[in-house]
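Chain residues, written in single-letter form:
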2 protein chains.
Amino acid sequence: MDTPDRRNSTTQALGELCSLLGDRLSTAPAVREAHGKDQTWNPGAPPDAVAFVRDTGEVQKIVSICARYKTPVIAYGTGTSLEGHFSAPFGGISVDLSGMNRIIAVHADDLNATVEAGVTRKQLNAYLRDQGLFFPVDPGADASLGGMAATRASGTNAVRYGTMRENVLNLTAVMADGTVIKTGSRARKSSAGYDLTRLLVGSEGTLGIITEVTVKLYGIPESIVAGVCPFPSVEACCKATIQAIQMGLPVARIELVDAEHVKAFNAYSKLDLKVTPTLFLEFHGTEASTREQAETFGAIAEELGGGPFSWASKEEDRQKLWQARHDAFWATRALMPGKESFATDVCVPISRLAECVTETQADLAASGLYGPIVGHVGDGNFHVVLYCDRSDPDEVQRVKEAYGRLIDRAIAMEGTCTGEHGIGSGKVAYLEREHGPALGYMKAVKRALDPQNILNPGKNAAI
Amino acid sequence: MDTPDRRNSTTQALGELCSLLGDRLSTAPAVREAHGKDQTWNPGAPPDAVAFVRDTGEVQKIVSICARYKTPVIAYGTGTSLEGHFSAPFGGISVDLSGMNRIIAVHADDLNATVEAGVTRKQLNAYLRDQGLFFPVDPGADASLGGMAATRASGTNAVRYGTMRENVLNLTAVMADGTVIKTGSRARKSSAGYDLTRLLVGSEGTLGIITEVTVKLYGIPESIVAGVCPFPSVEACCKATIQAIQMGLPVARIELVDAEHVKAFNAYSKLDLKVTPTLFLEFHGTEASTREQAETFGAIAEELGGGPFSWASKEEDRQKLWQARHDAFWATRALMPGKESFATDVCVPISRLAECVTETQADLAASGLYGPIVGHVGDGNFHVVLYCDRSDPDEVQRVKEAYGRLIDRAIAMEGTCTGEHGIGSGKVAYLEREHGPALGYMKAVKRALDPQNILNPGKNAAI
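Note that the structure is a prediction, hence the values are computed from the model and not measured.

1. Looking at the overall build of chain A
Thought 1: Helix and strand counts for chain A stand at 17 helices and 19 strands.
Thought 2: Over its C-alpha atoms chain A spans a radius of gyration of 22 Å, differing by no more than 12% from the 23 Å that the globule rule assigns to 463 residues.
Thought 3: Each principal axis of the C-alpha distribution contributes one length, and for chain A these read about 70 × 60 × 40 Å.
Thought 4: Out of the 463 residues belonging to chain A, those deemed buried represent 58%.
Thought 5: Within chain A, contacts between residues at least 6 apart in sequence are counted, and of these 70% link residues at least 24 apart.

If you want it as structure tokens, here you go:
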């Protein structure tokens, strides 16, 4: 696509953008590189320039200019996405929204807040703490809320509070023709028209650039209890989860950590856990109800040959536990120095989870690969950490093939190729395998809303 | 639109449909009338014929034939929608899905079930009871799950369990070109591609005809406690609701009934409630937690000058209470014999609810209109029952104007023109007022997915 015509129109677009943004438009190689490559093995490609924007009006002007010159526009938040979402394979302008980090309004009585897209989840939670409120979606990284909405992010407590799909009330977005729209009201529910909010959530910047997000908030629970519970097998972990959820136990977090991961946690985070498949849990509620929940779970575990379930309500102890869980990436990376690690991400119906995990473990063993597993087991979502020495093409090939088989396995079990990381450029090939003829309608929506294909081309259904 | 050309193509389409369906294609006037007019004041229009279908394959064939002749296709479930959703202003074929009432699969471990679109919520719940599971969305009427998905229905316990938006996992739908698609897997979450499920939920048969629905299920709670709590004012009811939700009380139902409605319930359902704004509540959980929830709510009410909160856990007492709430329509209709009544449906942020209700009451009084109010107060959604003698054009006009002001008031308070009844043909005029430029993108999606505008033309964004 790098034709003389394109170079010419890009040059003209850059000229207009420079007049608009001054030194907030950067073409410095280091800045462009940083905005074109994520931390994974997905190939990166730098944009032609990076625009550091201040408000929705600026994004609108940028998109209008780019629309005139058919120049790609790629939204960038914190750069923590994992599937090559913000690479620029066709060049264009990276719109860095991290400077749009104002908390516009907190409506405590309505339990929602409106923030600019660059506000991160930790920033919002620090701001809310004094009001006794919190925003629950927690993908691990301190991602921006705009980016989390765009990738339909979730994480450890989606089992209780839902994902971004359930927690975004409305969005402000700049569409491909430069029009600014608001996708909904602040009412908690509505039956008025098509659900543009949910259409944009998960569209990865291919249908519109999200500039403001209204999210649901929750009261900080009176009591939080967290703990770990060892089990004899992955299957027993899954059975305990199913029983807990079926009986309506409102578990806030329930995370599967396989024996290999427990080893890594013990080494990296100085824990002393029994090396066996383990559940990390958290319960939210009143003092009485969290105690009741913990006791009920303990009884379920015991019946399945697991336990003892040791739990703590002191914040310090809880933090240590969840910090270990969040450090999983680093803990496992430390296991195999010199090798790169990356996280896979499939999700299956819970009833198939044990089978999917066990078959995957056997497959990895047969392929001579090592892959510790963590999972948001309450949702059936798990991550295998795969290692590879990228200078060894044979190993790279074996890893890629094993990941392909994992995805095929998940889809065959009525699951999905990605529970929370998204499609980006890394999983484009799997979209059709998962959706079949439905993909054609996604593409039709893309063509209708962005006929020039300027919004994040080459990602998700924008292909 | 009733040109000789159209009549000719409709005749040809009917001929092909008759060959396909035999006596399951009806052109009997009574059948057509019943499939073209709902129970409200929205004007009806009969379809040219009604097709009683048996499976997705038949729907696919019907849509393919109709696409060839540009004949409108209108999905019909139980006929309980309230905004003229299934009238046929441009003629065409009503596809009656009530015969597609098989429960295809219940996945108890995964807490979901796949059903044909014609299965009603009561049918599903009767089927599930022995397994200790239930489907929570309850719009009052025994609607079909396909229809509930299509209108994004909700009802009394959405505050805890969400609406159809949150409770549909995936759909099978026949698109305007006759292609059958499945919009997602059975995984509880996914970040793979655009959210076609949520795009079809609430699209009222204008983007595709839903033929199968996979919905989330929940374990029947060990304990259910329900009760009524009188308050000195609507405002106190709203404050109590806000406090309860803010402190994380997992209330399953919280319904506002104004004094006029209480009178109607007392008369119609032989209750003996104090005539004052009242909350009807329900709590789900363990024995201990429901007791704790009820006690906590009682304390909140007392602080706000309300109470006493009298509650019961016996099923018989609970059923009587909720039957009264569900009979609201009949109870209020009985108040003004000879007049027609119909339910309005707006939804605002909870913080504005008391204000919106109070201003509306004052407006009605000033307009010489009578309008008892019930509301899903936990969601900020309320219904004013308006009465009118349709032979009195002046009264009809005053009622319509008052409703228009109610909608304007709700939108001005960052709310929506419909919380749960939908747009249909009755509220098309309000879509633009609520969504502004966003409506253009809804229409673009409609044009992209149904370029001939054969799916339920004249409804929602299909205009």
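2. Things to note about the interface of chain B and chain A
Interface size is commonly expressed as the accessible surface area that is lost when the partners come together.
Thought 1: Counting residues at the interface gives 79 residues for chain B and 79 residues for chain A.
Thought 2: For the side of chain B that touches chain A, the class distribution of residues is 34 nonpolar, 28 polar and 17 charged.

3. A word on the environment of A:Thr40
Residue and element names in this part refer to chain A.
Thought 1: For threonine 40, the position within the fold is in the loop between α2 (29-34) and β2 (49-52).
Thought 2: What makes threonine 40 partly exposed here is the crowd of 18 C-beta atoms within 10 Å.
Thought 3: Sequence spacing of threonine 40 and glutamine 131 is 91 residues, and the spatial spacing of their C-alpha atoms is 37 Å.
Thought 4: Not counting chain neighbours up to four residues away, the residues in contact with threonine 40 comprise Leu82 and Phe342.

4. Observations regarding the sheet that holds strand β8 (residues 168-175) of chain A
Residue and element names in this part refer to chain A.
Thought 1: Strand order in the open sheet formed by 5 strands is β5-β6-β10-β8-β9, and the pairing between neighbours is antiparallel. For this open sheet the edge positions go to β5 (103-107) and β9 (180-182), each flanked by a neighbour on one side alone. On average, each strand axis in the sheet is inclined to that of its neighbour by 15 degrees, with strand direction left out of account.
Thought 2: Sheet topology places strand β6 (residues 112-116) next to strand β10 (residues 208-216); 5 bridges connect them, and they run antiparallel. Considered in β10, the bridge of asparagine 112 is made with lysine 216.

5. A short note on the pairing of β6(A)
Consecutive side chains along a regular strand alternate between the two faces of the sheet.
Residues and elements named next belong to chain A.
Thought 1: The element β6 is largely enclosed, with a buried count of 5 among its 5 residues.
Thought 2: Of the two faces of β6, the one holding Asn112, Thr114 and Glu116 and the one holding Ala113 and Val115 are both buried throughout.
Thought 3: Pairing analysis gives 4 bridges linking β5 to β6, with the strands arranged antiparallel. In the strand pairing of β6, alanine 105 is matched with threonine 114.

6. A word on the domain arrangement of chain A
All names here are of chain A.
Thought 1: You can read the domains of chain A as domain 1 (4-96), domain 2 (103-219), domain 3 (223-330) and domain 4 (338-424).
Thought 2: Spacing between the C-alpha centres of domain 3 and domain 4 amounts to 22 Å.
Thought 3: Residue-level contacts link 18 residues of domain 3 with 14 residues of domain 4.
Thought 4: Listed by contribution, the elements that provide at least two residues to the side of domain 3 that touches domain 4 are α9 (234-246), β13 (251-257), α10 (259-269) and α13 (328-333).
Thought 5: Of the residues forming the side of domain 3 that touches domain 4, the biggest block, 7 residues, is contributed by α9.
Thought 6: The residue makeup of the side of domain 3 that touches domain 4, split by class, is 12 nonpolar, 2 polar and 4 charged.

7. So, unusual backbone geometry
Residue and element names in this part refer to chain A.
Thought 1: Cis rather than trans, the peptide bond between glycine 307 and proline 308 has omega equal to 0 degrees.
Thought 2: Assignment of secondary structure puts proline 308 in the loop between α11 (287-303) and β15 (310-312).
Thought 3: Phi angles above zero are rare outside glycine, and lysine 270 is one such case at about 55 degrees.
Thought 4: In this structure, lysine 270 sits in the loop between α10 and β14 (278-285).

8. A few points about the relation of the copies chain B and chain A
Thought 1: Its rotation angle being 180 degrees, the transformation that places chain B on chain A also includes 0.0 Å of axial translation and leaves an RMSD of 0.0 Å. What the superposition gives is, in effect, a two-fold axis relating one chain to the other.
Thought 2: Taken together, the interface assignments show that 100% of the residues at the interface of chain B recur at the interface of chain A, consistent with an identical surface on both copies.

9. Some details on the packing of helix α14 (residues 350-366) of chain A against helix α15 (residues 393-412) of chain A
Residue and element names in this part refer to chain A.
Thought 1: Close contact between α14 and α15 brings their axes to 11 Å; oriented N to C, the two are set at 160 degrees. Comparing the axis directions of α14 and α15 gives the class roughly antiparallel. Relative to α15, α14 is oriented so that their crossing is right-handed. Residue-level inspection shows Cys356, Glu359, Thr360, Asp363 and Leu364 of α14 in contact with α15, the latter providing Ala402, Arg405, Leu406, Arg409 and Ala410.
Thought 2: Among the residues forming the contact of α14 with α15, the class breakdown is 5 nonpolar, 1 polar and 4 charged.

10. Quick word on the environment of A:Lys446
Thought 1: Residue position: A:Lys446 is located in helix α17 (residues 438-449).
Thought 2: If we ignore the near neighbours within four places in the chain, the residues touching A:Lys446 are A:Thr206, A:Leu207, A:Ala461 and A:Ala462.

11. Examining helix α1 (residues 4-21) of chain B
Residues and elements named next belong to chain B.
Thought 1: With 18 residues, α1 extends 25 Å from end C-alpha to end C-alpha; this agrees with the ideal 26 Å at 1.5 Å per step.
Thought 2: Summarising the contacts, the buried residues of α1 are in contact with β1 (25-26), β2 (49-52), α3 (56-69) and β4 (93-96).
Thought 3: Following α1 by one or two positions, glycine 22 has its phi on the positive side, about 60 degrees.

12. With respect to the packing of α1(B) against α3(B)
Residues and elements named next belong to chain B.
Thought 1: Two numbers describe how α1 lies on α3: the axes approach to 9 Å, and their chain directions differ by 160 degrees. The angle between α1 and α3 falls in the class roughly antiparallel. Read as a crossing pair, α1 and α3 show a hand that is right-handed. Only Lys61, Ile62, Ile65, Cys66 and Tyr69 of α3 make contact with α1, whose side of the interface consists of Ser9, Thr10, Gln12, Ala13, Glu16, Leu17 and Leu20.

13. Concerning the sheet that holds β4(B)
Residue and element names in this part refer to chain B.
Thought 1: The strand order β1-β2-β4-β3 describes an open sheet built from 4 strands, whose pairing is mixed. This sheet does not close on itself; its edge strands, each paired only once, are β1 and β3 (73-76).
Thought 2: The sheet contact formed by β3 and β4 spans 4 bridges and is parallel. Residue alanine 75 lies in a different strand from β4, and its bridge partner there is valine 95.

14. Describing the pairing of β13(A)
All names here are of chain A.
Thought 1: Burial analysis of β13 places 7 of its 7 residues in the buried class, which makes it a mostly covered element.
Thought 2: Judged from the 6 bridges that link them, β13 and β14 form a sheet pairing that is antiparallel. Counterpart to valine 257 in the pairing with β14 is threonine 278.
Thought 3: By the bridge criterion, 3 bridges tie β13 to strand β18 (residues 373-376) in an arrangement that is antiparallel. Across the sheet, valine 257 pairs through a bridge with valine 374, a residue of β18.

Rules behind the numbers
Each chain carries its own residue numbering, running from 1 in the written order of its sequence. Here chains are named by letter from A upward and ligands by number from 1 upward, in the order in which they appear as written. Local features in this predicted model are restricted to residues of pLDDT 70 or higher, and side-chain atom pairs are both shown and tallied only at a pLDDT of 80 or more, whereas totals for entire chains, interfaces and linings draw on every residue. Helical segments are the DSSP runs of H or I of at least four residues, strand segments are the runs of E of at least two, and each set is numbered from the N terminus. Note that the radius of gyration is over C-alpha atoms, with the globule rule given as 2.2 Å times the number of residues to the power 0.38. Counting other C-beta atoms within 10 Å of a residue's own tells you its class, since 20 or more makes it buried, 12 or fewer makes it exposed, and anything in between is partly exposed; those C-beta atoms are placed from the backbone. By the convention adopted here, residues are in contact when the distance between their C-beta atoms, placed from the backbone, does not exceed 7 Å. All residues other than Ala, Val, Leu, Ile, Met, Phe, Trp, Tyr, Cys, Pro, Asp, Glu, Lys and Arg, Gly among them, are scored as polar; the first ten of these are nonpolar and the last four charged. By this definition, two strands are paired if DSSP reports at least two bridges between them. Every axis in this analysis is a line fitted to C-alpha atoms, fitted for helices over the stretch in contact. Angles between the N-to-C directions lie between 0 and 180 degrees. Note that domain bounds follow an automatic or database assignment of domains. When the copies are superposed, the least-squares fit takes in the C-alpha atoms of residues with a pLDDT of at least 70 in both. An angle below 35 degrees is treated as roughly parallel, one above 145 as roughly antiparallel, one from 65 to 115 as roughly perpendicular, and anything else as oblique. Crossings are sorted by hand: turned counterclockwise from the far helix by less than a right angle, the near helix makes the crossing left-handed, and turned clockwise it makes it right-handed. A helix is expected to span 1.5 Å for every residue after the first.

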